[in-house]
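Given next are the chains, with one letter for each unit.
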Amino acid sequence: MNGGPSRSGAPAYPARRTYPGRLIAVEGIDGCGKSTQIRLLLQWLLAAGQPAYLTTWNSSALVHDALRSAKRDRTLTPAVFSLMHAADLADRLEREVVPRLRAGHIVLADRWVCTAFARDGARGLPDRWLRTVYAFAPRPAVAVYFRVPVEEAASRIFAARPKLKYYEAGLDLGLAQEAAASFDLFQRRVADRYESLVRRERLHVLDACEPVAVQQQRFRSLVRDVLPSWRAGPDLEDAGAPEGRPAGQGAHPSPGGAGRGSGRGKVSAATRRARGGPALEWRADGRDPGSAPAEPGHGNGAAGRG
Amino acid sequence: MRTRARRGGGGAGSPDGGDPGTARRMAAGDAQRAPGGQPTAASGGRTGRFIVLEGGDGAGRSTQLRLLLPWVEEMGFAAVDAGLGRSSVPRRAFRAHRRTPEAGARTLALLYAADLTDQVERRLRPALSSGFVVVADRWTPTARARCLLRGASPAWLDALLPAEPLPDLICYLDTDVAARLQRQVHKRGLPDFRESGRDLGLHPDPLRSFVRYQHALDERYAEFGRAYGAVWRVIPAGGDAASIQSAIRRAVTPLLRPVAGAAGPSPEPAGGPAAADVKARA
C-alpha cells in the first residue's frame, strides 16, 4: 500500500495509493477554459449535494507568497520553479486534498501533475526527474485535457487582460523578445508536451473550441462514469446538466447547474440527502456515509502515482 | 544570504534543452553515490572549494562560520557563504512552514530542495567556477537527515536534493546532546517545535523530545560520515570556540593551497590567531 515504485520506476515517498474519494483534474494550456469548466462541475456536484471541493494550482497558503515574490523578482530558474510548484502541490495535498479523499469526498483540481510535466518539460527539465519529484501525488480518477489551438487560447487571454505575465509567456526562456511571440512559442511547446501525455497519463481529451455548455456536458458524463455507485437516477441525470440549453460559445450554464428551469437546481443539498438523493451514495466501499474515514486500503478511488 | 565577496548571479544555464541545472544531472545519474544516496567523490572541473559545516541544532556552526569566513579572506581567497535556508526564493515559505505545525514533511523536503537548488544554480556554481571558497552552514546532510526522520524515502531525496557540487570537506561539529540542549534553552527557552522533533510525537515533554530527536539525527549523521569517507571530518566541538575554530582551520588549510597554486597558510595551533579572532569577532 505504501511506498513502492511508481509507474515510471521512480522511487516513491511513502504515500497511500488508494482513497475512498475521487480526484478529478483538468489540464490544458493557459486560456483553454479549464477553470471555467471545473467551476461549473463544482457547482453541479454541490447542487447535487455532493461533498465536493476545488483546489487550484499555486494556491497553497505556505508557498503562494514566496512564489509570487520570486516571480516578481524574476529569480526563478526552471528547476527551482518546478520544486516550488511541487511544494505547493505537496502542501495542498497534505492539508486539503488527502483528508477529503480519505473521507470519501470529491476533490476537483484545477491543474494537477500533468501541468508540471508539460510546463517544466517545456522548460527543459527531464521527464524522468519530474516524475520522480511528483511521485507522491495520487493519480486522478479522471483527468481531462482541454485541447485548444494556441492562437485561440492567446485571443481569449488578450480579451481578458492586455498584458501577459513574464513566466506565463515563457519570457524566462528567451525564446523571443516580444511577450506575445514568446507566449506563442512557449505555449506550443507546452501543448506538444500535453499531446505526448494524453496516452501515458490517460487524459480524456475534450475539444475546448466547442461551446462551453457542450464541453460541460461531456465533462459531466466522464465524471459520472467514475462515481460507480452514484445512481443514475433523475436527480443526477438532470441536475445541472446543460441539455437543451442554447449552446453558443461563451454560454455559461448558471451556477448550481442549468437545471434551474426545471427547479431541480434549487433543491438544497440537505433536501436531497433527506429524500435519499445521491449524496455520498456513489461510495464504492459500501460504508455508511456518516461513518469514520476508511482505513488505508479501502475503496478504489484516486490511485497513487507512488 | 550573506556574501563577503559577491559574485554575479549567474543562472541555470540554457533552459532550452541545455543545462537546466542540478536536476538534469541528477536525472542523468552521473553523480557518484555511496549506499544511502550520499555523494562520495569530489567533482572535478572547478577551481573553487566547497566547505560545509554540519552538526546538530545548537552545535555552534553559525559562530564557527562567522569566524572562518574572514580568516579565509585574510588568507587571500575570496569567500562566499551559503547554507540551508539561505535562498531568498523559499524564505517566506519556510517561515510559514515554521508557523504551521500541521504543515507536512513532503512540503518541507521540497522546500529544502528548492532552497539548495537555487543556491547551487545562482551562487555556488558561478562562485566555484571562479575559484571562490564557498562555506555553507549546513547542506544536504541536515536536510536529508531531517527528511529521513520524517519518513521520506532515500531514493526520493536523492532526486530532490542537489548532488553537486560535492563538498571538498564537511566539518561535522561533534557535541553531545546535553550540551546542545543547554545551548538551545539558554538561547530561546523552549526549543523550536521541529528542531525538537515535536511534530514526530517522540515525547510529550519538549525537552525530552529534543533529546530523542537529536540522538536520532546523530545516528543519521554517523551513517553519512561513513558514506562520505575522508570528506567527512569530525571536529570535537565540546570545547571553547577558539579551539574549535583552530581545528576547523587545520582541516581547511590543505584545501586552500591548490586553489591558487601557491603555498597556503600554515595551520594554526590552538590558542593562536583563532583565539584572537574569537575575541574580536564572536
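Residues numbered from 1 in each chain as written. Chains lettered and ligands numbered in written order. Predicted model: local features only at pLDDT ≥ 70, side-chain atom pairs only at ≥ 80, totals over all residues. Heavy atoms only, no water.

Asker: Looking at this model, I keep getting lost on the overall build of chain A. Mind explaining?
Answerer: Each helix and strand counted, chain A has 10 helices and 7 strands in total. Every one of the 306 residues in chain A was classed for burial, and the buried ones make up 56%. In chain A, the proportion of contacts linking residues at least 24 apart, taken out of those at least 6 apart, comes to 76%. (Helix = DSSP H or I, 4+ residues; strand = E, 2+ residues; numbered from the N terminus. Buried < 20%, exposed > 50% of the residue type's maximum accessible area, 1.4 Å probe, protein only. Contact = heavy atoms within 4.5 Å.)

Asker: I keep staring at the sheet that holds strand 1 (residues 22-27) of chain A and nothing clicks. Help me out?
Answerer: In a beta sheet, neighbouring strands pair by backbone hydrogen bonds and run either parallel or antiparallel. Residue and element names in this part refer to chain A. Spatially, 2-3-1-5-6 is the arrangement adopted by the 5 strands of the open sheet, whose pairing is parallel. The sheet terminates laterally at strand 2 (52-56) and strand 6 (204-207), the two strands that pair on one side only. Pairs of neighbouring strands in the sheet enclose a mean axial angle of 20°, with direction left out of account. Where strand 1 and strand 3 (residues 106-110) come together, 5 bridges link them in parallel fashion. (Pairing = 2+ DSSP bridges. Axes fitted to C-alpha atoms, helices over the stretch in contact; angles between N-to-C directions.)

Asker: So what exactly am I meant to see when it comes to the sheet that holds strand 4 (residues 169-174) of chain B here?
Answerer: All names here are of chain B. Strand order in the open sheet formed by 5 strands is 2-3-1-4-5, and the pairing between neighbours is parallel. A single partner strand is all that each edge strand has here, and the edge strands are strand 2 (79-83) and strand 5 (232-236). Averaged over all pairs of adjacent strands, the angle between strand axes in this sheet comes to 25°, irrespective of strand direction. Seen against the sheet, helix 4 (residues 105-129) touches strand 1 (49-55), strand 2 and strand 3 (133-137) and runs at an angle of roughly 170° to strand 2.

Asker: Sorry, what's going on with the confidence of the model for chain A here?
Answerer: Do not read the predicted coordinates in detail wherever pLDDT is low. All names here are of chain A. Confidence in the prediction for chain A averages 76 pLDDT; 69% of positions are at 70 or higher. Here helix 9 (residues 234-238) stands out as the least confident element of chain A, with mean pLDDT 38; strand 6 is the most confident, with 98. For the stretch residues 1-16, pLDDT sits under 50, and the model shows 54 contacts to residues farther than four places along the chain or on other chains. Note that pLDDT drops below 50 for residues 231-306; the model gives that stretch 176 contacts with residues more than four away or on any other chain. (pLDDT = per-residue confidence, 0-100.)

Asker: Please explain the packing of helix 3 (residues 91-99) of chain B against helix 4 of chain B as it appears in this structure.
Answerer: Packed helix pairs are specified by the crossing angle of their axes together with the interaxial distance, meaning the distance between the axes. Residues and elements named next belong to chain B. At a minimum axis distance of 10 Å, the contact between helix 3 and helix 4 shows a crossing angle of 155°. Classified by the interaxial angle, the pair formed by helix 3 and helix 4 is roughly antiparallel. The handedness of the crossing between helix 3 and helix 4 comes out as left-handed. Taken together, the residues of helix 4 that come into contact with helix 3 (itself represented by Ala 93, Phe 94 and His 97) are Thr 107, Leu 108, Leu 111, Tyr 112 and Asp 115. A per-class count over the contact of helix 3 with helix 4 returns 5 nonpolar, 2 polar and 1 charged. (Parallel < 35°, antiparallel > 145°, perpendicular 65-115°, else oblique. Left-handed = near helix turned anticlockwise from the far one by under 90°. Nonpolar A, V, L, I, M, F, W, Y, C, P; charged D, E, K, R; others polar.)

Asker: I tried to follow the packing of aromatic side chains on my own but got confused; where do I start?
Answerer: In this description, a pair of aromatic rings is defined by centroid distance and the angle of the planes. Across all of its chains, the model carries 14 aromatic pairs over all chains by this definition. Taking 5.0 Å as the distance between ring centres and 90° as the angle between the ring planes, the aromatic pair formed by Tyr 166 of chain A and Tyr 167 of chain A counts as edge-to-face. Given the relative accessible area of 6%, Tyr 167 of chain A is considered buried. Ring geometry for Phe 94 of chain B versus Tyr 112 of chain B: centroids 5.6 Å apart, planes at 45°, classification tilted. A residue pair is termed long-range when its members are at least 10 positions apart, and Phe 94 of chain B in helix 3 and Tyr 112 of chain B in helix 4 qualify at 18 residues. Cation over ring: Arg 100 of chain A sits above Tyr 53 of chain A, and NZ or CZ is 3.5 Å from the ring centre. (Phe/Tyr/Trp six-rings, centres within 6.5 Å; stacked < 30°, edge-to-face > 60°. Lys NZ or Arg CZ within 6 Å of the ring centre and 35° of its normal.)

Asker: Help me out: how do you make sense of unusual backbone geometry in this one?
Answerer: Comment: phi is negative for the bulk of residues other than glycine, and the bulk of peptide bonds are trans. Glu 164 of chain B connects to Pro 165 of chain B through a cis peptide bond whose omega is 0°. Its location among the elements puts Pro 165 of chain B in the loop between helix 6 (154-160) and strand 4. Although it is not a glycine, Arg 74 of chain A sits at a positive phi angle of roughly 55°. Here Arg 74 of chain A lies in the loop between helix 2 (64-73) and helix 3 (78-102). Not every positive phi belongs to a glycine, and Arg 111 of chain A is a case in point at roughly 85°. Within the element layout of this structure, Arg 111 of chain A appears in the loop between strand 3 and helix 4 (113-122).

Asker: It is not clear to me how the nonpolar core should be interpreted in this structure. Could you clarify?
Answerer: Soluble globular proteins tend to bury their nonpolar side chains together. Grouped together as the largest cluster of nonpolar side chains are 121 residues, with contacts concentrated most on Trp 112, Tyr 134 and Phe 219 of chain A together with Leu 110 of chain B. Looking at this core element by element, the count peaks at 13 residues for helix 3 of chain A. Beyond its immediate sequence surroundings of up to four residues, Phe 219 of chain A is in contact with Ile 24, Val 26, Gln 37, Ile 38, Leu 41, Val 144, Phe 146 and Leu 206 of chain A. Counting 24 residues, the second-largest nonpolar core is a separate cluster that includes Ile 51, Cys 171, Ala 247 and Leu 256 of chain B. (Core = buried A, V, L, I, M, F, W, Y, C linked by side-chain atoms within 4.5 Å.)

Asker: Is there a simple way to think about the interface of chain A and chain B in this case?
Answerer: Accessible area lost upon the coming together of the parts serves often as the stated size of an interface. At the junction of the two partners, chain A supplies 37 residues and chain B supplies 37 residues. Interface area for chain A against chain B, summed over the two sides, is near 3200 Å², with a carbon-plus-sulfur share of 67%. One salt bridge in this structure joins Arg 95 of chain A and Glu 102 of chain B, with 3.7 Å as the shortest N-O distance. In this assembly, chain A and chain B are joined by 8 residue pairs in polar contact (both at pLDDT 80 or more). Counting residues per element, the ones that place at least two in the side of chain A that touches chain B are helix 2, helix 3 and helix 5 (127-133) of chain A. At 11 residues, helix 3 of chain A tops the list of elements feeding residues into the side of chain A that touches chain B. Of the residues in the side of chain A that touches chain B, the class split is 24 nonpolar, 5 polar and 8 charged. (Buried area = accessible area lost by both parts, 1.4 Å probe. Salt bridge = Lys/Arg side-chain N within 4 Å of Asp/Glu carboxyl O. Polar contact = N/O pair within 3.5 Å; in protein donor to acceptor, adjacent residues only side chain to side chain.)

Asker: Could you clarify how one ought to interpret the environment of Arg 180 of chain B in this entry?
Answerer: Residues and elements named next belong to chain B. Structurally, the position occupied by Arg 180 is in helix 7 (residues 177-188). For the pair Arg 180 and Gln 214, spaced 34 residues apart in sequence, the C-alpha separation works out to 8.7 Å. When neighbours within four sequence positions are excluded, Arg 180 is seen to be in contact with Gly 56, Asp 57, Gly 58, Ala 59, Tyr 172, Thr 175, Phe 210, Gln 214 and Asp 218. Separated by 2.8 Å, the side chain of Arg 180 and the backbone oxygen of Thr 175 make a polar contact. Of the polar contacts made by the side chain of Arg 180, one reaches the side chain of Gln 214; its length is 2.9 Å.

Asker: Explanation requested: a positive patch on the surface in the structure shown.
Answerer: Residue and element names in this part refer to chain B. A cluster of basic side chains, namely Arg 92, Arg 95, Arg 98 and Arg 99, defines a positive patch on the protein surface. Here Arg 98 lies in helix 3. According to the relative accessible area criterion, Arg 98 is exposed, its value standing at 52%. (Patch = residues over 30% accessible without salt bridge, like charges linked within 9 Å, V, L, I, M, F, W, Y side chains within 5 Å. Areas by Shrake-Rupley, 256 points an atom, 1.4 Å probe, with all protein chains shown as cover. Lys, Arg positive; Asp, Glu negative; His and termini not counted. Charge placed at Lys NZ, Arg CZ, Asp CG, Glu CD.)

Asker: What is the right way to look at the pairing of strand 1 of chain B in this model?
Answerer: Within a regular strand, side chains alternate between the sheet's two faces. All names here are of chain B. Among the 7 residues of strand 1, 7 are classified as buried, and the element is accordingly described as predominantly covered. Neither face of strand 1 is open: one carries Arg 49, Ile 51, Leu 53 and Gly 55, the other Phe 50, Val 52 and Glu 54, and all of them are buried. Alignment of strand 1 against strand 3, held across 5 bridges, turns out to be parallel. By the bridge assignment, Leu 53 is partnered in strand 3 with Asp 137. In this sheet, strand 4 lies alongside strand 1 in parallel orientation, the contact comprising 5 bridges.

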